[in-house]
Amino acid sequence: GLPNSAFGPLHSSEALRRLGQDGLSKDLLTRTAKLFPDEWRIAFALACANGKFGEKAEALIWLEKAIDLAGPLDIRMKALDEPDLHEIWTDISEI
């Protein structure tokens with residue numbers, strides 16, 4: 001069956017990323033985002049994955065979604081600490 005939590009797929013994607021399997025990690029996150037569209041951690045991870053691939057526009061879209069989904073939890077500082085998002089750091093203040 002389908003997972004009832006994003007926890008497993010999120011950690012699996014992180015493990016893949018650490019093993020240098022960035023493409024597989026991004027694919028898993030993309031599929032997981034469809035199952036858990038309201039999970040900010042998945043959207044944030046997709047922002048990072050897109051940033052790592054130099055896909056700035058997609059990274060910004062996913063980061064904005066993550067910020068919206070996080071609600072009162074302001075994750076902008078987390079984004080400014082994330083090296084994979086360095087190319088969009090100047091854009092974060094506008095979100």
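Residues numbered from 1 in each chain as written. Predicted model: local features only at pLDDT ≥ 70, side-chain atom pairs only at ≥ 80, totals over all residues. Heavy atoms only, no water.

With that settled, consider the packing of aromatic side chains. Inspection of every chain in the model, using the stated rule, returns one aromatic pair. Ring centres of Trp40 and Phe44 lie 6.4 Å apart, and the angle between their planes is 80°; on these two criteria the pair is classed as edge-to-face. Separated by four residues within a single helix, Trp40 and Phe44 lie in helix H3 (residues 40-52), roughly one turn from each other. Judged by its relative accessible area of 13%, Trp40 falls in the buried class. Residue Phe44 is classed as buried on the basis of its relative accessible area of 6%. (Phe/Tyr/Trp six-rings, centres within 6.5 Å; stacked < 30°, edge-to-face > 60°. Helix = DSSP H or I, 4+ residues; strand = E, 2+ residues; numbered from the N terminus. Buried < 20%, exposed > 50% of the residue type's maximum accessible area, 1.4 Å probe, protein only.)

Moving on, we come to the packing of helix H1 (residues 7-18) against helix H2 (residues 22-35). At a minimum axis separation of 7 Å, H1 and H2 run at an interaxial angle of 165°. Considered as vectors, H1 and H2 are oriented roughly antiparallel to each other. Note that H1 runs across H2; the crossing there is left-handed. Side by side, H1 and H2 meet where Pro9, Leu10, Ser12, Ser13, Leu16 and Arg17 of the first sit next to Asp22, Leu24, Ser25, Leu28, Leu29 and Thr32 of the second. (Axes fitted to C-alpha atoms, helices over the stretch in contact; angles between N-to-C directions. Parallel < 35°, antiparallel > 145°, perpendicular 65-115°, else oblique. Left-handed = near helix turned anticlockwise from the far one by under 90°. Contact = heavy atoms within 4.5 Å.)

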